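Structural overview
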Amino acid sequence: MSWDKISKETSLLSWKDVMEVESYVYTLGVDGEVFLNGLKEGKILGRKCTKCGRIYVPPRMYCEDCFVENGEYVEAKGPYLDTFTIIYEDDEGRRLEKPLVIGLIRFRGCSGGLLGSVQGELKAGSEVEIMEYGIPLRVKTK
Amino acid sequence: MISVTVHPLKEEDLKRHPVVEDKPKARYSYTAGQALSVFLNGLKEGKILGRKCTKCGRIYVPPRMYCEDCFVPTSLWVEVKDEGVVMTAVASFISWTRERLDHPEIVGTIRLFPSTARDYVYPGLFHRICCSYEDVRNMTIFGKIVKARWKPREERTGSINDIECFEVV
Amino acid sequence: MRTNLRFRPVAVIGAGMTPFRRRMLDTPQELAWEASRRALDEAGLELRDVDCVVIGSAPDAFDGVHMKGEYLAHGAGGVRKPVSRVYVGGATGVMTAISAWYHVASGLCQKVLAVAEEKMSPGRPHPQSVFRYIWDPITEKPLNPNLIWIFAMEMHRYMNVNRVSKEDIALVSVKNKRNAKKNQYSQLGGDITVDDVLKSEVLVWPVQLLDVSPVSDGAAAMVLVSGDIARRYTDTPIWVEGVGWTLDNTSWPGRELAYPRYLENAARMAYKMAGIERPQKEIDVVEPYDPFDYKELHHLEGLLLAKKGEAPTLMREGFFDVDGEIPSSPSGGLLGVGNPIAAAGLMKTISIYWQLKGTAGGMQVKKSVHTGVAQAWGDLMQASTVIVMRN
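Residues numbered from 1 in each chain as written. Chains lettered and ligands numbered in written order. Predicted model: local features only at pLDDT ≥ 70, side-chain atom pairs only at ≥ 80, totals over all residues.

If you check an unreviewed UniProt entry, chain A appears there as Putative nucleic-acid-binding protein containing a Zn-ribbon from Metallosphaera yellowstonensis MK1.

**Some words on the domain arrangement of chain A**
Residues and elements named next belong to chain A. What counts, and what does not: Where each domain starts and ends comes from a domain assignment, either automatic or drawn from a database. Each residue gets a C-beta atom placed from its backbone, and two residues are in contact if those atoms lie within 7 Å. In the scheme used here, Gly and all other residues not listed as nonpolar or charged are polar, with Ala, Val, Leu, Ile, Met, Phe, Trp, Tyr, Cys and Pro taken as nonpolar and Asp, Glu, Lys and Arg as charged.
Annotation of chain A at the domain level lists domain 1 (27-76) and domain 2 (78-142). Using C-alpha coordinates to define each centre, domain 1 is positioned 22 Å away from domain 2. Contact with domain 1, which involves 10 residues of that partner, is made by nine residues of domain 2. Taken together, the residues that form the side of domain 1 that touches domain 2 break down as seven nonpolar, two polar and one charged.

**Details of the sheet that holds strand β5 (residues 76-80) of chain B**
All names here are of chain B. Stated formally: Here, a strand pair is defined by DSSP locating no fewer than two bridges between the strands. Only DSSP runs of H or I with at least four residues qualify as helices, and only runs of E with at least two residues qualify as strands; both kinds are numbered from the N terminus onward.
Ordered in space as β4-β3-β5, the three strands form an open sheet in which the pairing is antiparallel. Both outer strands of the open sheet, β4 (59-60) and β5, are each paired with one neighbouring strand and no more. As paired elements, strand β3 (residues 48-52) and β5 share five bridges and run antiparallel to each other. Each residue of the ladder has a partner; that of arginine 51, found in β5, is tryptophan 77.

**Regarding the interface of chain C and chain B**
Across the boundary between the two partners, chain C contributes 44 residues, which contact 46 residues of chain B. Of all elements in the fold, only α1 (28-43), α5 (127-130), α6 (147-162) and β6 (202-205) of chain C reach the threshold of two or more residues within the side of chain C that touches chain B. At seven residues, α6(C) tops the list of elements feeding residues into the side of chain C that touches chain B. Split by residue class, the side of chain C that touches chain B holds 20 nonpolar, 12 polar and 12 charged. Sheet analysis places strand β6 (residues 83-94) of chain B next to β6(C), joined by two bridges and oriented antiparallel. Counterpart to B:Ala91 in the pairing with β6(C) is C:Trp205.

**A word on helix α12 (residues 293-302) of chain C**
Residue and element names in this part refer to chain C. How we decide: As a rule, residues whose C-beta atom has 12 or fewer other C-beta atoms within 10 Å are exposed, those with 20 or more are buried, and those in between are partly exposed; C-beta atoms are placed from the backbone.
Here α12 lies mainly inside the structure; 10 of its 10 residues are buried. On its buried face, α12 is in contact with α6, α7 (166-180), α10 (261-274), α13 (311-316), α14 (333-337) and β11 (371-378). Just downstream of α12 lies leucine 304, where phi reads positive at about 65°.

**Section: the interface of chain A and chain B**
Interface size, as often reported, equals the accessible area lost upon joining of the parts. Facing 27 residues of chain A, the contacting portion of chain B comprises 26 residues. Its residues assigned to classes, the side of chain A that touches chain B shows 16 nonpolar, five polar and six charged.

**A word on the nonpolar core**
Considering soluble globular proteins, one finds that nonpolar side chains tend to be buried as a cluster. Where we set the bar: Here, a nonpolar core denotes buried Ala, Val, Leu, Ile, Met, Phe, Trp, Tyr and Cys residues that are linked to one another through C-beta atoms within 7 Å.
If you look at the biggest cluster of nonpolar residues, it comprises 185 residues, and the most contacted ones within it are C:Val112, C:Val115, C:Val204, C:Met222, C:Leu224 and C:Ile387. For this core, the element with the most residues is helix α15 (residues 341-357) of chain C, which contributes 11 residues. A:Val57, A:Phe107, A:Leu114 and A:Leu137 belong to the second largest nonpolar core, which has 16 residues in total.

**So, the sheet that holds strand β2 (residues 52-56) of chain C**
All names here are of chain C. Test applied: Interaxial angles span 0 to 180 degrees and are taken between N-to-C directions of axes, which are lines fitted to C-alpha atoms, for helices over the stretch in contact.
Taken in spatial order, the nine strands of this open sheet run β3-β2-β4-β8-β1-β9-β12-β11-β10, and their pairing is mixed. Because the sheet does not close on itself, it has two edges, and the strands there are β3 (83-86) and β10 (285-287). Between one strand axis and the next, the sheet turns by 25° as a mean value, whatever way the strands run. Summarising the sheet, β10 and β11 pair through three bridges and their orientation is parallel. By the bridge assignment, glutamate 287 is partnered in β11 with alanine 374. α1 rests against β1 (10-17), β4 (111-119) and β8 (217-226) of the sheet, and its axis sits at about 130° to β1. Packing of α10 onto the sheet brings it into contact with β9 (238-247), β11 and β12 (383-390), and relative to β9 it is tilted by some 150°.

So this is what it looks like as structure tokens:
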């Protein structure tokens, strides 16, 4: 029995390879498609639970607590900036030309929220106006 | 009671639904570690190296620095013969991306010597076998003694592909 | 001879699943929710009654989502509850049930929801390409293998050592697809003949297209509760009497492939717990894992329901048919119903549960059943899980 190990790092080899999947194609589910169509019409849709009344944004098929199928689709109103962050580097560490501001936009009386790029004066809690209905949203503080 | 149902789709239907497509960008550098580094260098020299546990006598190919049964470090480097018996062989008509191949690719596992036909575990390699499709179909390749056909020395890079295939002697 | 006196008794009181199909529009969480909802409905419970959740889901790389088990949380009732994820490749389905079992058997939880889900359709170019990293990166991947190669190698070795012909093996595919006709959740139920199997596309000789189970999306769920409250919810609780699981190494090129020793180990563990001394005499119905037709024979031998090399003979004699001595895969198995990796094993467990309860509908076997076994297998010829249930 022996512990003969090579301690010179350069004598140890490594093998290079890549992630073999070429791409993933994710389906949105029925509620995901309803949400996307809502965005095209300039609306943010949510879905309400028939038992507890909770409104899910983006809409979800079922309520995670009551565990029943959710009911009608409602339009989420009253967007406000819950929190935000300022990003200076991209995901490979390179400096961005112009810092990017990303915020979490919540809606009055609804559960959940959406990400958006934020323009205007940055203050957590301030109401926002939605400039572009996309993923992510583009909003401006009022 | 539940009323929703799931929604199966055919491939053509997928075009009519909005989807999100994404490509992962992961690249990996796997360390060969102690045992496989020596193994790969051995392949470059035209040798198949194994590692022996002196407690139970088992020879590991590909080599391992510890014995999985005795759970102690293995002790010796041994060179096993580049000859062995074909345990199983198959002929593939599909590539790893599920594309159709015109000529079958024949691969299998080889039990290398020293070992006997009664061993449940033995030094073995998974590799290509150079024989005909017929030999695979009628199973005549099973149990035959095969030897490694090495690539010429200049073309060896320290990889399992330094062996071109195993062929009947 | 029972040896499980230290564990609390555990009973299954509800189960549910989605149909298995090649690709679904629904998201993974929606699939999990549908199966979970059905299971809770059959059990007569609401989510707030469940105290622990177990989620089984196979490689994250299939769905393309990190921590795929936890991702299902809100669809599997796993919000603000203790949740465990299990993953042992294809053996996950039965492992999910086993994990739920020990949550209850230990006394930690009273009522557990076990959910298994898989969505294999997002990967491109083909879900099989996702399997590429199952191989050892240095000694196996450079040969550009396709996953089917390893099954073909094992199948050919099994055929060679036991002198089995392709015709005998094809009988399994014919039987399972025929059984699947009675299963409303199945993807590929139908009547095929041995000839159809032998004429189908040769993928990797000896594996042909009709020898293989399909790629699928789907989910399944089960509710397990402590024995002392089971009869509040049902007159026919189905008791989990034995569990077993074993792992082997990934050095399959250095191992005899014709016999799965790791499965025998798991089966003996489960049988000992259940007090089964003569499996062939004491087991009434079995669901062995059948991603390929030869695998069912391979596993029937590992489960000690046939002597080594004897399974093909018994299959030919009709011993394992739906009206035979020990019906095997009455649900139609993976070959008939579909193979969403993690959900498939749990589907098999649910099939035994329904057989023992007498609610299997068109799939119900004619003889009366008292003891049933479900088994799953996973990874590179490594892992096997076994569960024994009685009514």
